[in-house]
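For reference, the chains in residue letters:
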Amino acid sequence: MPAKKVRTLDDLDVAGKRVLVRVDFNVPMRDGQVQDDSRIRAALATLTELRQRGATLVLMSHLGRPKGVDASLRMGPIAERLGERLGIDVRYLATDGPGSADAQAFVAAAPSGSVTMLENTRFDPRETKNDPAMSRILAGYGDVYVDDAFGSAHRAHASTEGVARLLPAAAGRLMEAELRALGTLLDEPARPFAVILGGSKVSDKIGVLAHLMDLADRILIGGAMAYTFMLARGGQVGNSRVEVDQVGVAEDILAQAKAKNVQLLLPIDSVCAAELAAGVEVSIHPSAAIPDGLLGLDIGPAAISAFQEALQGCRTVFWNGPLGVFEMSPFDRGTVAVAETLAALDAYTVVGGGDSGAAVHAAGLADRIDHVSTGGGASLELLEGRVLPGVAVLEA
Ligand code: ADP
Ligand code: MG
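Reading the values: rules and limits
Residues numbered from 1 in each chain as written. Chains lettered and ligands numbered in written order. Predicted model: local features only at pLDDT ≥ 70, side-chain atom pairs only at ≥ 80, totals over all residues. Heavy atoms only, no water. Salt bridge = Lys/Arg side-chain N within 4 Å of Asp/Glu carboxyl O. Helix = DSSP H or I, 4+ residues; strand = E, 2+ residues; numbered from the N terminus. Buried < 20%, exposed > 50% of the residue type's maximum accessible area, 1.4 Å probe, protein only. Axes fitted to C-alpha atoms, helices over the stretch in contact; angles between N-to-C directions. Left-handed = near helix turned anticlockwise from the far one by under 90°. Contact = heavy atoms within 4.5 Å. Nonpolar A, V, L, I, M, F, W, Y, C, P; charged D, E, K, R; others polar. Near = heavy atom within 4 Å. Polar contact = N/O pair within 3.5 Å; in protein donor to acceptor, adjacent residues only side chain to side chain. Areas by Shrake-Rupley, 256 points an atom, 1.4 Å probe, with all protein chains shown as cover.

*Asks:* Which parts of the structure should I look at to understand the pattern of salt bridges?
*Replies:* Pairing between side chains of opposite charge can happen when the charged atoms of each approach one another. Enumeration according to the criterion identifies 19 salt bridges in this entry. Across the pair Arg22 and Glu127 runs a salt bridge, and its minimum N-O distance is 3.7 Å. Note that Arg22 is positioned in strand β1 (residues 18–22) and Glu127 in the loop between β6 (115–117) and α5 (132–139), a separation of 105 residues in sequence. For the pair shown, Arg22 and Glu127 are each scored as buried. Taking the shortest distance from any N to any O, the salt bridge between Arg180 and Glu176 comes out at 3.5 Å. Taken together, the residues Arg180 and Glu176, both in helix α7 (residues 173–187) and four residues apart, mark about one turn of the helix. Several salt bridges share partner residues, and in doing so they unite Asp10, Glu49, Arg53, Arg173, Glu176 and Arg180 into one network.

What follows is the structure, encoded as structure tokens:
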């Protein structure tokens with residue numbers, strides 16, 4: 001099922017125009033400061049190109065999940081950081097939302113060639129309802145609309161889907177790159193194609209697992225997810241995190257893999273401890289025979305070797321979800337080892353998922369992965385074969 005073509009910046013005339021751009025600046029904040037500006041940097045290609053082509057920019061994004069106005073989630077610090085990255089002053093006014101009367105006046109006063117950052121779209125309760133009244137106000141800010149917020153494309157909101165119906169609309173360069181990278185996995189993956197899935201819950205990943213089952217040659221499962229599969233195989237997993245209500249689903253996946261001749265690999269062994277704490281005593285046990293009182297917190301050394309071997313020779317690899325509790329040493333080893341293997345592999349490599357992306361960045365390996373997606377939920381929904389509402393509206 002080849003993805004339909006979306007309109008891009010190549011299809012838009014922006015010279016001398018006001019361009020309303022939806023970006024995903026939902027960045028991690030700490031003490032009122034931007035903690036990691038990867039998402040801001042990821043939008044620079046689009047913003048710089050639009051400025052060079054003579055556009056006046058009006059930007060909007062959500063930040064966090066505020067219910068109404070929340071002073072700790074204002075876009076001010078983000079506008080400032082963006083200004084540093086662009087080397088210009090970014091206009092910003094603290095308001096009750098992007099559509100308030102003072103926001104409208106502020107946008108109307110924007111000089112030609114300027115960049116204005118609107119207030120957090122989620123301050124306005126109409127945003128998540130995709131309320132047409134809000135979309136109309138936003139549409140009034142631009143002659144054309146550009147969506148570069150891949151991470152928000154799986155939600156039909158006023159600033160993503162609603163407004164795109166009201167103006168000539170196109171995908172920004174980041175959105176375009178995301179769709180191309182993930183589309184390659186769905187349409188024409190070079191084989192063998194391996195999928196590595198980890199993270200905490202089978203229930204989060206079941207959709208993508210079911211869909212990729214028809215596409216992948218090898219599926220490697222780690223993380224807490226693996227223990228639910230161990231139960232499905234009749235193993236003992238001690239106190240490891242499991243989803244008892246997903247055991248049937250896991251059994252079904254195992255049966256499907258067999259029927260479809262997909263090689264499904266579970267971790268042979270696990271790094272275990274009595275609790276998740278720094279400096280705790282660790283031991284290695286078979287993942288299907290973890291003693292009571294211990295929990296599996298990472299894939300073990302034999303599992304790492306088996307995973308590395310299974311990845312050798314693969315031409316395409318998609319990875320979502322850390323293989324252990326990578327936030328705490330030494331339970332990051334499996335995740336880091338597999339990230340290193342991926343970086344060194346002569347294959348087309350894509351990492352999707354908030355935590356797996358963070359793990360790859362933390363290991364300093366992001367540059368050696370072909371594509372690290374900025375959209376966790378959006379990338380999974382796309383790979384589940386679903387149509388993203390924010391993308392469908394940009395189709396040519
Ligand atoms: P992503 O954001 O990449 O999609 P998830 O959100 O699904 O990944 O899962 C990430 C979380 O899974 C991390 O917080 C990690 O600590 C947790 N996790 C991984 N392995 C285990 C495990 N064995 N036991 C408990 N939690 C785990
Ligand atoms: Mg996550």
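*Asks:* Quick question: what am I supposed to make of the packing of α7 against helix α14 (residues 376–383) here?
*Replies:* At their nearest, the axes of α7 and α14 sit 10 Å apart, and the two run at 35° to each other. The two elements α7 and α14 cross, and the hand of that crossing is right-handed. Along its contact with α7, which presents Leu179, Leu182, Leu185 and Leu186, the element α14 presents Ser379, Leu382 and Leu383. Residues of the contact of α7 with α14, tallied by class, amount to six nonpolar, one polar and no charged.

*Asks:* Just to check I follow, could you spell out unusual backbone geometry for this structure?
*Replies:* Peptide bonds are, in most cases, trans, and in most cases residues other than glycine have a negative phi. Cis geometry marks the peptide bond from Arg191 to Pro192; its omega dihedral reads 0°. Take Pro192: it is sitting in the loop between α7 and β9 (193–197). Omega for the peptide link from Ser329 to Pro330 comes to 5°, which places this bond in the cis form. Within the secondary structure layout, Pro330 lies in the loop between β17 (316–320) and α12 (333–344). If you check the backbone angles, Asn130 has positive phi at about 55° while not being a glycine. Its location among the elements puts Asn130 in the loop between β6 and α5. Positive phi, normally seen in glycine, also occurs at Asn261, with a value near 65°. When you line up the elements, Asn261 lands in the loop between α10 (247–259) and β12 (263–265).

*Asks:* Explain the site of ligand 1 here, please?
*Replies:* Ligand 1 sits among 19 residues. The nearest are Lys205, Gly296, Glu327, Asp355 and Ser356. At a separation of 3.3 Å, an oxygen atom of ligand 1 approaches a polar backbone atom of Gly354. Within the contact set of ligand 1, an oxygen atom lies 2.8 Å away from a backbone nitrogen or oxygen of Asp355. In the complex, 85% of the free accessible area of ligand 1, which totals 590 Å², lies under the protein chains. The set of elements that each furnish at least two residues to the shell around ligand 1 consists of β16 (295–299) and α13 (354–362). It is α13 that contributes the most residues to the shell around ligand 1, three residues altogether. In terms of residue class, the shell around ligand 1 is made up of five nonpolar, ten polar and four charged.

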